[in-house]
Amino acid sequence: MPPLLCIANWKANLTPEAETVLARTIQGIMQQSPADNVEIVLTPTFVSLYEIGYEIDHPIVLAGQDCYWEEVGAATGEVSPVALAHLGCKYVLIGHSERRIIFAETNEMVAKKYAVLLKTQKKLGLVPIVCVGETLMERKNGKTREILEVQLSALMKAMPFNKNFQIVIAYEPVWAISTNQHGARKNCDPSDCKEAIGMIKDILHTHSINAVNAIPLVYGGSVDEHNASSYITQGDVSGVLVGSASLHAKRFCAIVHSLNTSI
Ligand code: PGA
């Protein structure tokens, strides 16, 4: 069985110094009490990737928070897949709802990033972690499946999938993201997660993707040390994407350890 994924998304919360200390602390804790069933993915800001590359070791790997949709090129302010590969990244997060909402990224833009990562995958080795998920309004209107269908179809149209490609799909319902909640905290119930994961598998099947079971599907949205393992055991996912709780080394490592003992 492949290891579960525990992905820390630090967003734009920390300074490079704080990110380096956090990575070093996580590395130290994991060295003292290893979790052999989990691959840990750290997603710091671009400016910290180089430094953190020197702090981490197996089973911790790096991911970019986004990338440019061409291999390299004239695009001021962007970070290219080539640069991310040279910085030692294994994964690249694309299509996060914050990018879709704050920066108006469309499904087509996400699909272009997806396509460049797959086209260059043999050479650069980068694995896209594609975020999909519905807003609260869409969920209330019963549109979850429709939204997932539109988001996933855009990817498949841009670059037909084949079994030699490696991708990860993250189901991140926008309404469950901790910093996106107005009022009472609301994480996604593991049974709702399971239902959405079933929809994603079904949609991938309709795109003639037979190797669906080989694609890691992870959940993100208010994951913490208390609920993380329930997504593995009841939510039918093979990992979690953690925002706020990943900013604290002890809490994040507690999540890693809870995943480790959940299988
Ligand atoms: P959260 O963020 O864990 O703080 O809800 C998750 C994400 O945005 O990836």
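This one's a predicted model, so the numbers in the text were calculated from it and none came from an experiment.

About the thresholds
Within each chain, residues carry numbers counting from 1 in the order of the written sequence. It should be noted that, the model being predicted, local features are given only for residues of pLDDT at least 70 and side-chain atom pairs only at 80 or more, the latter also being counted only at that level, while totals for whole chains, interfaces and linings use all residues. To obtain the side-chain values, all non-hydrogen atoms of the structure were included, while hydrogens and water were left out. We place a 1 Å grid over just the protein atoms. Points where a 1.4 Å probe fits but has no way out form a cavity, open points with protein on both sides within 12 Å along at least 5 of 7 lines form a pocket, and any residue with an atom within 4 Å of a point lines it. Grid points are joined across faces, edges and corners, and a volume is the space filled by probe spheres set on the points. Elements are defined by DSSP. Helices are runs of H or I of four residues or more, strands are runs of E of two residues or more, and each kind is numbered from the N terminus. The classification used treats Ala, Val, Leu, Ile, Met, Phe, Trp, Tyr, Cys and Pro as nonpolar, Asp, Glu, Lys and Arg as charged, and all other residues, Gly among them, as polar. Given a helix with a known number of residues, its expected span is that number minus one, times 1.5 Å. Whether a residue is buried, partly exposed or exposed follows from its accessible area with a 1.4 Å probe, protein chains only, as a fraction of its type maximum: under 20%, in between, or over 50%, in that order. Think of it as the arc spanned by the lines of direction from the helix axis to the C-beta atoms. The contact definition used throughout considers only heavy atoms, calling two residues in contact when any of these lie within 4.5 Å. We call a residue near a molecule or strand whenever a single non-hydrogen atom of that residue lies within 4 Å of it. Whenever a nitrogen or oxygen atom comes within 3.5 Å of another N or O atom, the pair is scored as a polar contact, on the condition that within protein one atom can donate a hydrogen and the other can accept it, and that pairs from neighbouring residues in sequence are kept only if both atoms are in side chains. With residues, only the protein chains shown are counted as cover, and all accessible areas are computed by Shrake-Rupley using a 1.4 Å probe. Put simply, a nonpolar core is a bunch of buried Ala, Val, Leu, Ile, Met, Phe, Trp, Tyr and Cys residues held in one set by side-chain atoms that sit within 4.5 Å of each other. Here the axes come from fitting lines to C-alpha atoms, over the contacting stretch only for helices, and the angles between their N-to-C directions go from 0 to 180 degrees. Just so you know how the angles are binned, under 35 degrees is roughly parallel, over 145 roughly antiparallel, 65 to 115 roughly perpendicular, and the rest oblique. Two helices cross in a left-handed way if the nearer one is turned anticlockwise from the farther one by less than a right angle. They cross in a right-handed way if the turn is clockwise.

Asker: Go over the layout of surface pockets, please, and point to the residues and values.
Answerer: The computed volume of the largest pocket comes to approximately 530 Å³. Taken together, 26 residues line the largest pocket, and the ones lying closest to its centre are Pro2, Ala214, Ile215, Pro216 and Ser238. Broken down by secondary-structure element, the contributors of at least two residues to the lining of the largest pocket are β1 (4–9) and β4 (89–94). Counted by class, the lining of the largest pocket contains 18 nonpolar, three polar and five charged residues. Surrounding the second largest pocket, 22 residues form its lining, Lys11, Ala12, Gln65, Glu98 and Arg99 being those nearest its centre. In terms of residue count, the dominant contributor to the lining of the second largest pocket is helix α4 (residues 97–102) (three residues). Tallied by class, the residues present in the lining of the second largest pocket amount to eight nonpolar, nine polar and five charged.

Asker: For helix α1 (residues 16–32), give the residues involved together with the corresponding values.
Answerer: Over its 17 residues, α1 runs 24 Å from end to end, which matches the ideal 24 Å to within 8%, given 1.5 Å per residue. Of all the residues in α1, the buried ones are Glu19, Thr20, Leu22, Ala23, Ile26, Gln27 and Met30. The arc that holds the buried residues of α1, viewed along the axis, is 160°, so those residues lie on one side. Exposed and facing more than 90 degrees away from the buried side of α1 are Glu17 and Gln32. For α1, the secondary structure elements touched by its buried residues are β2 (38–43), α2 (49–53), β3 (60–64) and α11 (249–260).

Asker: Please provide a residue-by-residue account of the site of the ligand, values included.
Answerer: Taken together, the neighbourhood of the ligand is formed by 13 residues, with Lys11, His96, Ser178, Ser222 and Gly243 sitting nearest. Here glycine 243 contributes a backbone N or O atom positioned 2.8 Å from an oxygen atom of the ligand. Expressed as a share of its isolated accessible area of 280 Å², the protein-covered part of the ligand is 99%. For the shell around the ligand, the residue count by class is three nonpolar, seven polar and three charged.

Asker: Describe the nonpolar core, naming the residues involved and giving the relevant values.
Answerer: With 74 residues, the main nonpolar core has Ile26, Leu42, Tyr114 and Ile200 as its most contacted residues. With near-sequence residues (within four places) excluded, isoleucine 26 lies in contact with Trp10, Leu42, Ile60, Ala249, Phe252 and Cys253. Ile7, Tyr91, Leu93 and Cys131 belong to the second-largest nonpolar core, a separate cluster that totals 14 residues.

Asker: Which residues make up the environment of threonine 261, and what values do they have?
Answerer: By the secondary structure assignment, threonine 261 is in the segment after α11. For threonine 261, a relative accessible area of 66% gives the class exposed. When the C-alpha atoms of threonine 261 and valine 38 are compared, they prove to be 9.6 Å apart, with 223 residues separating the residues in sequence. A polar atom in the side chain of threonine 261 sits 3.3 Å from the backbone oxygen of serine 258.

Asker: Before we move on, could you go through the packing of α1 against α11 and cite the residues and values that matter?
Answerer: Relative to each other, α1 and α11 sit at 40°, their axes nearing to 9 Å. The orientation of α1 relative to α11 falls into the category oblique. α1 and α11 meet at a crossing whose hand is right-handed. Contact residues: Leu22, Thr25, Ile26, Ile29 and Met30 in α1; Ala249, Lys250, Phe252, Cys253, Val256 and His257 in α11. Here the residues of the contact of α1 with α11 sort into eight nonpolar, two polar and one charged.

Asker: Hey, could you go over the side chain of glutamate 55 for me, with residue numbers and the actual values?
Answerer: The topology assignment puts glutamate 55 in the loop between α2 and β3. Judged by relative accessible area, glutamate 55 falls into the buried class, the value being 19%. Within the local environment of glutamate 55, its side chain forms a polar contact with the side chain of arginine 24, the two groups lying 2.9 Å apart. Look past the residues within four positions of glutamate 55 in its chain and what remains in contact with it is Thr20, Arg24 and Gln27.

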